[in-house]
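Coordinate inspection notes
Given next are the chains, with one letter for each unit.
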Amino acid sequence: MPFITMNHLYKGKAKYISTWASLLLLLTITLYSNGTIFSASQFHTYLTTDTIPKRNRAVNDDSLKLLKIKRQELIEKAKTVRDAKIADTSVVTKIDTVHFKTSKDSLDAPVVYHADDSMVLDIPGKKILLYGKTSRVQYQDNELVAPHIEFDQRTNEVSAYLVKDSNGNVISYPFFTQADFKTKSDSIKFNMKSKKGITKGTYTQQGELFVYGEKIKKVDEAVFYAYRGRFTTCNLDTPHFAFVAKKIKFINKKMAFTGPVHPEVEGIPIPVYLPFGIYPLKQGRHSGLLAPTFTANEQLGLALEGLGYYKILSDNWDIVTRGTLYSYGGWTANISPRYYKRYHYQGNLSLDIQHFRDIDKSGSRSFNIRWSHSSDSKARPGVSFNANVNAGSSKFNSSVPNSPQRNFQNQLNSSITYSKVWKDKPFNLTVSANHNQNTSLKLINLNLPDVTFNVNTLYPFRRKEAIGAYKWYENFGIALNTNAKSLSSFYDTSGNIFKQLVDKLQWGANHNIPISLSLPEIGHLQFSPSISFQERWYQQQFKRSWNNAAQKVDTSIKKGFYAAREMQFGMGVSTRIFGTFGFKKNSKIQAIRHEIRPSFSISYKPDMNARSWYTTQIDTNKNSARFSVYDGSIFGGFSEGKFGGMSFGIDNNIQMKVRSKKDTGEASIKKVTLLDGLSLNGSYNFMADSFKLSTFSVSARTNLFEKINITASGVLDPYLTNSGGDRIDKLVWSKHPLSLGKLTSGNVSIQSQFKGGDKNEKAPIINNLQNQVNPVSGLPLNEYQQEAAYISNNPAEFANFNIPWSVNFSYALNFQRQRKADYSGFETIFSQNLNWSGSLNLTPKWQIGLNGYYNITEKQLGSLSMYLTREMHCWQMAINISPIGKYRYFNISISPKSAILRDLKINRTRYFYDL
């Protein structure tokens, strides 16, 4: 049998010609190399017989001479026709259609092949053999890559096999791809005409499932069968766990069906059999049941939690319904429709109802409603409508079982906003409705409506078509800011809610007209004159008076329409000052730069509200205080008295340039901020008859060593006080020359994070998701995302083992000096709290962590939780425990990481409550 090796011609080259054309080209080259030529009529004999034709040089020479004569005649005839066409313009060129009959065994498209090492043609057997680690055959959407490929022209079958080295180690496996179906096998046989095939020892992937079959038979583009197969979500060749069945049918990317199936762990069969299995593989949305979980609660009993159904209503709507049943007779229900229209709007609604009966058969019912909606700016440019509603019974959050984080939430807030910006006009309008609810006090505040109308700054003196820079007077601008709102409140535990709303209804409006003029810089100084006019509308006046008989302060309210106004004129100037202190060139510290930003302004405010202020006695010691008749109103009253004085402020920034020993050149210089800001602000009123100097506002912020973030602010009162705590018109410097005053309020915040290992690794973030809503799409989370949201509050499930240890803490201090409720003096209210979290890798696979919150003011431990987690590649194990606080719990969970097997888990949860 004759073989022709063409390694030197075909090595590394892909030939985009059909198989028959390839054979024809190779055979022609071979025969020419032997000095042989043949006619087309004899060509079939070279592929259909093993007899080698005898050489007849005389016949061949005559044939060559005849071909040369015919060729010359054709050339002369072509020249004659061309000349005739040029001379005769009436000649019309026509293209003839050539009809030919194709062979029955021919393919529908070219075959592209490539041999890494060599290619062998078996001409009598009509076979092509390709050798090489990544030899390749492509036909339409089919691609085969293998170290040994064999193509049979007669049957249109392609076969591929793995290749081992002399030690028995596999050099390379055959890989087959058809559309989105991919396999890795020991051997492959595939028919290019029927697109059917069979493989042995095959691995493939369907979505998140990794499938192995001793034999896999592909019957068409969508369906294949596996014999003695296993499927798992573990991506190892020898998986940690798998489900084994003798026969499996797959519909590509849609469904899988099995007969009797049982699990295996580390190759050990588990004697738990299911008679059949149906496994959805389709990606995206599809209706179906939502599996429940089993939990236990000390007050409510055993529970079948989260049983539900997901239904697709249309392309734009779907709905999730869930319910929970408790052994003591309680139940919960949730219905969550959601909607989404691309480029228009999206949102979701969630309604929860709880009906609980505890061990003594006493029960309660509560509800909660949440609505989230957002509009796309592309739908109506300039118009937007957004909603974020979270409202319900005051006792709902505290009653939610198995959710300690939500049990501590005592604030519910809602906002619905409509806004419009007029195109090519300086107007914009915002209308909103807001809700605030304190579930501890059972108090609900409503702000409905809240209307804001603004006119952007107008420049009446500017030219319509300015050439060059604006003149100074052309920067004169005027604007309008108007805000009108109404407020009311009620207690949900009291009756007659409508009457409460009417009795407590307040409304008001605030109008502000700022006038500004931006002047050009004069040297290094920037001057900014300004004028402002404000007017406020009120619905009532609130007055206090001393009752000598009862020895207490009485209050009275007078309804009506009232207005107050205020004007202010000012001129401000600001600049920036820089100073640099340099060090030696070989010093680690190269330089320190200090930036000072001083500001100074003078202003005048006439006393337009003297009649709205009064003095009244507040205690039996005949102490008195000044009050405004508009105290307690929505916008509050204007300050009393004239102001004609100056305001001043100064801010500081300090940076340092440090040379790094690790780098050279410009990269070695690093800027380090020592002080982000240190500011002091105050004012002095020349026209006041007393207390001319205002309080000082002080603030500081820095990030020490890029590790410790510190923010602090406070208010200093430069005046002395009497024995009752009231200010007297005497500056503190008369007794304490080095003091800036008495600190009346302030806050300090310190945050820091330390961790080991790679600095770019991120520690797990503990999210407290109040609303189960996707922050990107605005749609509610699906069942797996909801479970992930819960797990995010249990960081054991999301431990980062690349961080060997981490410590995080934050401290906050707030204090304020305020008058006592009985007007007997002043008191300082303090609030301090501490948050911390940390993790430690006990081994490369075990991690322990701790999270807590402590209220220093009340000396109460708010929450403390610990976790222990084990990394198991495709599985995860977590133990979470919270042993202290009103809501205590523990949870043990072992589950696969894959979402498709999220319901296959071992879970034990217990909660304990202090009633």
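In this text the structure is predicted, and so the values were computed from the model without any measurement.

1. Points about the overall build of the chain
Within the chain one finds eight helices and 52 strands. The long-range share in the chain, meaning contacts at least 24 apart out of those at least 6 apart in sequence, stands at 51%. As displayed, the chain offers around 53,900 Å² of accessible surface, 58% of which is attributable to carbon and sulfur atoms.

2. Some thoughts on the packing of aromatic side chains
Under the criterion given, the structure shown has 25 aromatic pairs. Summarising the aromatic geometry, the rings of Phe231 and Tyr279 are spaced 4.7 Å apart at their centres and angled 65° between planes, so their arrangement reads as edge-to-face. Placement of the pair is Phe231 in strand β14 (residues 223-232) and Tyr279 in strand β19 (residues 277-280), with a sequence separation of 48 residues. Exposure class is identical for Phe231 and Tyr279. Each is buried.

3. Considerations on the pairing of strand β40 (residues 669-685)
With 14 bridges joining them, strand β39 (residues 643-659) and β40 adopt antiparallel strand pairing. The partner of Val658 across the bridge, within β40, is Lys670. Bridge analysis of β40 against strand β41 (residues 696-704) gives five bridges, and the strand direction is antiparallel. Opposite Leu680, over in β41, you have Val698 as the bridge partner.

4. Section: the pattern of salt bridges
Using the criterion set out here, one finds 22 salt bridges in the structure. Residues joined in a network through salt bridges with shared partners are Arg576, Arg593, Glu595, Arg597, Asp651 and Arg701.

5. What about the side chain of Asn428?
Within the secondary structure, Asn428 sits in strand β29 (residues 427-438). Residue classification places Asn428 among the buried positions, given a relative accessible area of 16%. A distance of 3.5 Å separates the side chain of Asn428 from the side chain of Asn456, its partner in a polar contact. Beyond its immediate sequence surroundings of up to four residues, Asn428 is in contact with Lys420, Val421, Trp422, Thr452, Phe453, Asn454 and Asn456.

6. A closer look at the pairing of β41
The pairing of β41 with strand β42 (residues 708-717) spans nine bridges and is classified as antiparallel. The partner of Asn703 across the bridge, within β42, is Asn709. Hairpin connection of β41 to β42: three residues between the antiparallel strands, including Phe705 at a positive phi of 55°.

7. With respect to a nonpolar patch on the surface
Residues Ile335, Leu349, Leu351, Ile353, Phe367 and Ile369 make up a contiguous nonpolar surface patch of roughly 420 Å² in combined accessible area. Elements supplying a minimum of two residues to the nonpolar patch: β25 (345-357) and β26 (363-375). Per element, the largest residue contribution to the nonpolar patch is three residues, and it comes from β25. By the element assignment, Ile335 lies in strand β24 (residues 331-341). The class of Ile335 is partly exposed, set by a relative accessible area of 36%.

8. A closer look at the side chain of Thr202
Positionally, Thr202 belongs in strand β12 (residues 197-206). A distance of 2.9 Å separates a polar atom in the side chain of Thr202 from a polar atom in the side chain of Ser185. Among the polar contacts listed, one links the side chain of Thr202 to the side chain of Thr199, at a separation of 2.5 Å. Leave out the neighbours within four places in its chain, and Thr202 touches Thr183, Lys184, Ser185, Val211, Tyr212, Gly213 and Ile216.

9. What about unusual backbone geometry?
With an omega of -10°, the peptide bond between Leu448 and Pro449 qualifies as cis. When you line up the elements, Pro449 lands in strand β30 (residues 443-458). Within the chain, His873 stands out as a residue other than glycine whose phi angle is a positive 60°.

10. Considerations on the environment of Leu290
Inspection of the secondary structure assignment puts Leu290 in strand β20 (residues 288-290). Relative accessible area serves as the criterion here: at 4%, Leu290 is assigned to the buried category.

11. Things to note about the state of the cysteines
Considering all chains together, one arrives at zero disulfides under this definition. We note that Cys874 lacks a disulfide partner, and the nearest cysteine sulfur, in Cys234, lies 3.6 Å from it.

12. A look at the confidence of the model for the chain
Looking at the chain, the pLDDT average stands at 80 and 81% of residues meet or exceed 70. Long-range and interchain partners of residues 763-785, a stretch whose pLDDT sits below 50, account for 59 contacts in this model, where long-range means more than four residues apart.

13. Overview of the environment of Ser603
Residue placement: Ser603 occurs in strand β36 (residues 589-605). For the pair Ser603 and Phe643, spaced 40 residues apart in the sequence, the C-alpha separation amounts to 7.5 Å. Those residues in contact with Ser603, other than ones at most four positions away along the chain, are Gln568, Phe569, Gly570, Phe643, Gly644 and Gly645.

14. A word on the environment of Pro606
With respect to the element layout, Pro606 can be found in the loop between β36 and β37 (613-617). Remark: the alpha-carbon pair of Pro606 and Gly641, spanning 35 residues in sequence, is separated by 7.4 Å. Beyond its immediate sequence surroundings of up to four residues, Pro606 is in contact with Met567, Gly641 and Lys642.

What counts, and where the lines are drawn
- Going along each chain's sequence as written, the residues are numbered from 1 onward.
- Since the coordinates come from a predicted model, pLDDT governs what is reported: local features require at least 70, and pairs of side-chain atoms require 80 or more to be given and counted, while whole-chain, interface and lining totals use all residues.
- The basis for every side-chain value is the complete set of heavy atoms in the structure, and neither hydrogens nor water enter the calculation.
- Labels follow the DSSP assignment, with helices taken as runs of H or I lasting at least four residues and strands as runs of E lasting at least two, numbered in each case from the N terminus.
- By definition, residues are in contact when any of their heavy atoms lie within 4.5 Å.
- The Shrake-Rupley method, run with a 1.4 Å probe, gives the accessible areas here. Residue values count only the displayed protein chains as cover.
- Any Phe, Tyr or Trp ring, taking Trp's six-membered ring, that has another such ring centre within 6.5 Å forms a pair; planes under 30 degrees apart are called stacked, those over 60 apart edge-to-face, and the others tilted.
- When accessible area is computed with a 1.4 Å probe and restricted to protein chains, residues below 20% of their type maximum are described as buried, those above 50% as exposed, and intermediate ones as partly exposed.
- Strands pair, by our definition, only if DSSP identifies at least two bridges between them.
- Salt bridges are identified by distance alone: a Lys or Arg side-chain nitrogen within 4 Å of an Asp or Glu carboxyl oxygen.
- Think of a polar contact as two N or O atoms within 3.5 Å of one another; within protein, one of them needs to be a possible hydrogen donor and the other a possible acceptor, and neighboring residues in sequence only count if both atoms come from side chains.
- To count toward a patch, a residue needs a relative accessible area above 30% and no salt bridge. Like charges then connect within 9 Å, nonpolar side chains (Val, Leu, Ile, Met, Phe, Trp, Tyr) within 5 Å.
- When two cysteine sulfur atoms are found within 2.5 Å, that pair is recorded as a disulfide.
- As a per-residue measure, pLDDT tells how confident the predictor is, with possible values from 0 to 100.

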